[in-house]
Amino acid sequence: MAKKTIFEDCDILVVGGGMAGTGAAFEARHWGRDLKIICVEKANIDRSGAVAQGLYAINCYMGMQWDENQPEDHVRYARNDLMGMVREDLGYDMARHVDSTVHMFDEWGLPMMKNEKTGRYLREGKWQIMIHGESYKPIVAEAAKKSADKIYNRIMITHLLMDESKENRVGGAVGFNMRTGDYYVFRAKTVIVAAGGASHIFKPRAVGEGMGRTWYAPWSNGSAYALPIAVGAKMTQMENRIVLCRFKDGYGPVGAYFLHLKTYTQNANGENYEKKWYEHTKEMVGEYIDHHPTPTCLRNHAFIQETMAGGGPIHMVTKEAFQDPHLETVGWENFLGMTVGQAVVWASQNIDPKYTNPELTTSEPYVMGSHATCSGAWVSGPEDLSPPEYFWGYNRMLTVDGLFGAGDTVGGSAHKFSSGSFTEGRLAAKAAVKYIEEQKAQDINVSDKQCEEFKKIIFKPLENYTVGRNEITGGTVSPSYISPIQGLQRLQRIMDEYVGGIATNYMTNANMLKRGLELLEWLQEDLENVGAEDYHQLMRAWELKHRALTSQCVTEHTMFREETRWPGYYYRGDHLKLDDENWHCLTVSRRDPKTGKFTLEKVPVYHIVDEKEKKQAS
Ligand SMILES: Cc1cc2nc3c(=O)[nH]c(=O)nc-3n(C[C@H](O)[C@H](O)[C@H](O)COP(=O)(O)OP(=O)(O)OC[C@H]3O[C@@H](n4cnc5c(N)ncnc54)[C@H](O)[C@@H]3O)c2cc1C
């Protein structure tokens, strides 16, 4: 069914040209002058990934040149927000390099807002700096395009290739061009997976004709997780899904509103509802509720409890701030550079925030490793910081040799955001070059047989459709194949109803998870029979398969952690309290590629930053 097979051999293959992928392509060229570097992108690198529409703030900038923050401060911040559960080695490593990334963005022409009095970057909050960021993505894409030997747009990577001469070593990746139908084989010495996080694995609030309107980019389909999971790479913290408090229906961001406009929230009676839930939350999580700033999940928790208790709708009080013409402009521009849809929703609902306080909502859960949660791959840290359990030779290398990750792909290191993801791409690329230079990628063998087998697997949904449609006598429903949208809706319902989505107010328990796992397994069986009528639907079919595998991993992790560590992100009804005695640890899983079975383990969480300081003091 594929038209042509195209082979491309290279040294470094970057999968996904979003923030982390562009950072990786750029840095790979810096260290590997003579290496062949290829970047493969599902969309078009100029407008792809979560930053496609632009951003209004760079959310991670230390400001070390002015002693605004140090990397240690950022580690403490991320640790606090994630209720203790972060890889501090990875967080510190990203934070110590992130400023240099932002300075390059500035040099490359990204319009940065400046504080008129100090001349410094204009702060939105302690970590955020404000930009006119509509062209953020084209600017970083240009750096990648100038660095890589080739950028392939419109190719979806579906599988990683494995070396056949050495166990557990990567050998490249395969995929297809969804415009031409050509099959692509990239044989590579190293692969950097930078394919973004996962939306649409839980049923979204907006369904039917509005289902594309989610907070997270609807095209982020979890390839960053499914690709490594499928080859047996270890994953971490996959239970740590994220739920966002955002403006209702448009999912417009609230950061600039809280931090810059100093707006605040209240319930329908005009009360500060967060205070009301203090004792209740303390009962569940103990002293974590007294931390400053309040961890994001706990603020969500108050929102969810208040709504369940009948105090909704919850509003953002904008009427006061919007009386100031400057703040009013900032409020609107915030959307125009990032989420135009929110402005359109308000216009359509007759909401002028100067006169009406807009409603907020909590989103369906998403899986991602770069925002305020840290699901993703279990990677090696940098040699100067990481304890032995966290270090196996090359920074950001997964537990499969030669396979690296960055951005949403990498678990345990939250609050990287756009700048930190680009930075992590740079770190991964530098290590990948070292891996090649140290002769670790010699004699990689990927047979034609392996490539041919994947070709059959990848294009099978087209065959399912072509054969199966002959059995249809009326309408569009086939007795022998399911369409990608049918499969997606089934997946979303399983995740929503059993794994802690909006249907249950984020509640789940072992019995529900067990049932969810059964249903997911049956879904996997049926996905063998997904049918695709064209190359675009073939992409949808593979997006679905990646989402389904990611979902299994999320569900296994959620089952394993027998506590409620992040109320407001999800609740284990059978273990409704945070349990530091038994669960102050990271969770790590591995799926056996032969059997498809997951095994899980606890791994110690090391609080490196303050340990280091304690040692220095003594
Ligand atoms: C709604 C939203 C708002 C945000 N706001 C801010 C903000 O204000 N400030 C800030 O600093 N950060 C913000 N972030 C965070 C920032 O966007 C992410 O941290 C960053 O984009 C992550 O980088 P990444 O490269 O891992 O993923 P992405 O940038 O999403 O890139 C992933 C890339 O992989 C491609 N891809 C996916 N699957 C495949 C495949 N199978 N084959 C080939 N290519 C594939 C995608 O098309 C995409 O280009 C926001 C994120 C979201 C979702």
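Only a predicted model underlies this, so the values are computations on that prediction, with no experimental measurement involved. (Residues numbered from 1 in each chain as written. Predicted model: local features only at pLDDT ≥ 70, side-chain atom pairs only at ≥ 80, totals over all residues. Heavy atoms only, no water.)

**Quick notes on the pairing of strand S1 (residues 5-15)**
Next, step 1: Where S1 meets strand S8 (residues 183-193), ten bridges bridge the pair, whose relative direction is parallel. By the bridge assignment, Phe7 is partnered in S8 with Val185.
Next, step 2: In the sheet, S1 pairs with strand S2 (residues 37-40) via four bridges, with the strands oriented parallel. Paired with Val14 across the bridge in S2 is Cys39. (Pairing = 2+ DSSP bridges. Helix = DSSP H or I, 4+ residues; strand = E, 2+ residues; numbered from the N terminus.)

**So, the site of the ligand**
Next, step 1: Among the 34 residues in the neighbourhood of the ligand, the closest are listed as Ala20, Glu41, Ala57, Ser370 and Ser418.
Next, step 2: A distance of 3.1 Å separates a nitrogen atom of the ligand from a polar backbone atom of Lys42.
Next, step 3: Between the ligand and the protein, one listed contact pairs an oxygen atom with a backbone N or O atom of Phe417 at 3.3 Å.
Next, step 4: Protein contacts shield 95% of the accessible area of the ligand, which totals 1,000 Å² for the unbound molecule. (Near = heavy atom within 4 Å. Polar contact = N/O pair within 3.5 Å; in protein donor to acceptor, adjacent residues only side chain to side chain. Areas by Shrake-Rupley, 256 points an atom, 1.4 Å probe, with all protein chains shown as cover.)

**A look at the nonpolar core**
As a rule of thumb, soluble globular proteins bury nonpolar side chains together.
Next, step 1: Core analysis: the biggest nonpolar cluster contains 91 residues, and Leu13, Leu160, Phe186, Val191, Tyr225 and Leu403 have the highest contact counts within it.
Next, step 2: Non-local contacts of Leu160, meaning those with residues more than four positions away in its chain, are made with Val170, Gly172, Ala173, Val191, Val193, Leu227, Pro228, Val231, Leu403 and Phe454.
Next, step 3: The next biggest cluster of nonpolar side chains, apart from the first, holds 43 residues, and it includes Met112, Tyr121, Met130 and Ile131. (Core = buried A, V, L, I, M, F, W, Y, C linked by side-chain atoms within 4.5 Å. Buried < 20%, exposed > 50% of the residue type's maximum accessible area, 1.4 Å probe, protein only. Contact = heavy atoms within 4.5 Å.)

**Observations concerning the sheet that holds strand S9 (residues 235-236)**
Next, step 1: The four strands are arranged S14-S9-S18-S19 in an open sheet whose pairing can be described as antiparallel. Single-partner strands in this sheet number two, and they are strand S14 (376-377) and strand S19 (598-604).
Next, step 2: Judged from the two bridges that link them, S9 and S14 form a sheet pairing that is antiparallel. If you follow Met235 over to S14, its bridge partner there is Ala377.
Next, step 3: In the packing of helix H16 (residues 535-560) onto the sheet, contacts are made with S9, strand S18 (585-591) and S19, and the angle to S19 comes to roughly 55 degrees. (Axes fitted to C-alpha atoms, helices over the stretch in contact; angles between N-to-C directions.)

**So, the side chain of Ser478**
Next, step 1: Here Ser478 shows up in the loop between helix H13 (448-468) and helix H14 (484-498).
Next, step 2: There is a polar contact of 2.9 Å between the side chain of Ser478 and the backbone nitrogen of Ser480.
Next, step 3: In this structure Ser478 touches Gly468 and Ile472, once residues within four positions along its chain are discounted.

**A few points about the side chain of His546**
Next, step 1: Structurally, His546 can be placed in helix H16.
Next, step 2: The buried category is assigned to His546, whose relative accessible area is 4%.
Next, step 3: Side-chain polar atoms of His546 contact the backbone oxygen of Thr158, separated by 3.0 Å.
Next, step 4: Filtering out sequence-adjacent residues up to four positions away, His546 remains in contact with Met156, Ile157, Thr158, Asn221, Gly222, Ser223, Ala226 and Leu227.

**Focus on the environment of Met316**
Next, step 1: If you trace the backbone, Met316 turns up in strand S12 (residues 315-317).
Next, step 2: Separated by 135 residues in the primary sequence, Met316 and Gly181 have C-alpha atoms spaced 48 Å apart.
Next, step 3: Discounting chain neighbours no more than four positions away, the residues touching Met316 are Phe247, Val254, Tyr257, Phe258, Thr263, Tyr264, Thr265, Asn357, Pro358 and Leu360.

**Here we look at the pattern of salt bridges**
Next, step 1: A complete count under the given rule lists 45 salt bridges for this structure.
Next, step 2: In this structure, the salt-bridge partner of Glu424 is Arg396, at a minimum N-O distance of 3.0 Å. One end of the pair, Glu424, is in helix H12 (residues 417-437); the other, Arg396, is in the loop between S14 and strand S15 (403-405), with 28 residues separating them in the sequence.
Next, step 3: Counted as one network, the salt bridges with shared partners bring together Asp93, Arg96, Asp384, Arg396, Lys416 and Glu424. (Salt bridge = Lys/Arg side-chain N within 4 Å of Asp/Glu carboxyl O.)

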